[in-house]
Amino acid sequence: LLEDYADKIDNTGKDYLNPLVGTEAAVLWFSQMLNESNGYVKQAVRAYNKGTAKAREGEGAEYYERVSSLSSVISNPVSPAMQFLLSAVMKYNG
């Protein structure tokens, strides 16, 4: 996944604090976690925080609870990145 999007990220580091770049990176990473979790959103969220192997072992539950408390924000997409994230989720859970 990273190789596919490496050209979109500035290697000098000046984009490190750019919110758009950070959001896109987070969306791409979560999309990868969703793929590795076979569309199981709860596991993908835990994997985003702890890694896929640890998420499969049940770790990351506290992180999942914090993220799920933001569901009203997530269900109101206002940016292209959030729309992409929701489309990735719907691909597996539509």
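Described below are features of the structure shown in this document. On a predicted model such as this, the values are computed, not experimentally measured, just so you know. (Residues numbered from 1 in each chain as written. Predicted model: local features only at pLDDT ≥ 70, side-chain atom pairs only at ≥ 80, totals over all residues. Heavy atoms only, no water.)

## Quick look at the overall build of the protein
And then number 1: Scanning the protein from terminus to terminus reveals seven helices and zero strands.
And then number 2: Ordering the α and β elements of the protein from the N terminus gives α-α-α-α-α-α-α.
And then number 3: Sorting the 94 residues of the protein into buried and exposed places 23% on the buried side.
And then number 4: The contacts in the protein between residues at least 6 apart in sequence include a share of 33% that link residues at least 24 apart. (Helix = DSSP H or I, 4+ residues; strand = E, 2+ residues; numbered from the N terminus. Buried < 20%, exposed > 50% of the residue type's maximum accessible area, 1.4 Å probe, protein only. Contact = heavy atoms within 4.5 Å.)

## Brief notes about the nonpolar core
And then number 1: By size, the foremost hydrophobic cluster in this structure holds ten residues: Val27, Phe30, Met33, Leu34, Ala44, Val45, Ala47, Ala55, Tyr63 and Leu85.
And then number 2: At the level of secondary structure, the elements contributing two or more residues to this core comprise helix 2 (19–36) and helix 3 (41–50).
And then number 3: For this core, the element with the most residues is helix 2, which contributes four residues.
And then number 4: Not counting the four nearest positions on each side in its chain, Leu85 is found in contact with Val27 and Phe30. (Core = buried A, V, L, I, M, F, W, Y, C linked by side-chain atoms within 4.5 Å.)

## Things to note about the packing of aromatic side chains
Think of a pair of aromatic rings as described by two things: how far the centres are apart, and how the planes are tilted against each other in angle.
And then number 1: According to the stated counting rule, one finds two aromatic pairs in the structure shown.
And then number 2: When the ring of Tyr48 is compared with that of Tyr63, the centres are 6.4 Å apart and the planes differ by 15°; the resulting orientation is stacked. Of this pair, Tyr48 sits in helix 3 while Tyr63 is found in helix 5 (residues 61–68), placing the two residues 15 residues apart along the sequence.
And then number 3: Ring pairs connect the aromatic residues Phe30, Tyr48 and Tyr63, which therefore count as one cluster. (Phe/Tyr/Trp six-rings, centres within 6.5 Å; stacked < 30°, edge-to-face > 60°.)

## Side note on the packing of helix 3 against helix 5
And then number 1: It is at 8 Å that the axes of helix 3 and helix 5 come closest, and there the two elements cross at 110°. Looking at the two axes, helix 3 sits roughly perpendicular to helix 5. Along this stretch, helix 3 crosses helix 5, giving a crossing that reads as right-handed. Residues Lys42, Val45, Arg46, Tyr48 and Asn49 of helix 3 pack against Ala61, Tyr63, Tyr64 and Val67 of helix 5.
And then number 2: Within the contact of helix 3 with helix 5, the residues separate by chemical class into six nonpolar, one polar and two charged. (Axes fitted to C-alpha atoms, helices over the stretch in contact; angles between N-to-C directions. Parallel < 35°, antiparallel > 145°, perpendicular 65-115°, else oblique. Left-handed = near helix turned anticlockwise from the far one by under 90°. Nonpolar A, V, L, I, M, F, W, Y, C, P; charged D, E, K, R; others polar.)

## Some thoughts on helix 3
And then number 1: Turning to helix 3, its buried residues are Gln43, Ala44, Val45, Arg46 and Ala47.
And then number 2: Structurally, helix 3 contributes buried residues whose contacts are with helix 2, helix 4 (52–56) and helix 5.
And then number 3: Looking one or two residues beyond helix 3, the residue adopting positive phi is Gly51, at roughly 95°.

## Some remarks on the side chain of Arg46
And then number 1: Mapping Arg46 onto the fold places it in helix 3.
And then number 2: No salt bridge is formed by the buried Arg46; the nearest opposite charge belongs to Glu65, separated by 8.3 Å.
And then number 3: Excluding anything up to four places from it in sequence, Arg46 contacts Gly51, Ala55, Gly58, Glu59, Gly60, Ala61 and Tyr64. (Lys, Arg positive; Asp, Glu negative; His and termini not counted. Salt bridge = Lys/Arg side-chain N within 4 Å of Asp/Glu carboxyl O.)

## Some words on unusual backbone geometry
Trans is the common state for peptide bonds, and a negative phi is the common state for residues other than glycine.
And then number 1: With a phi close to 55°, Asn38 is a non-glycine residue in the positive phi region.
And then number 2: As for its position among the elements, Asn38 is in the loop between helix 2 and helix 3.
And then number 3: On the basis of relative accessible area, Asn38 is assigned to the exposed category, the value being 67%.

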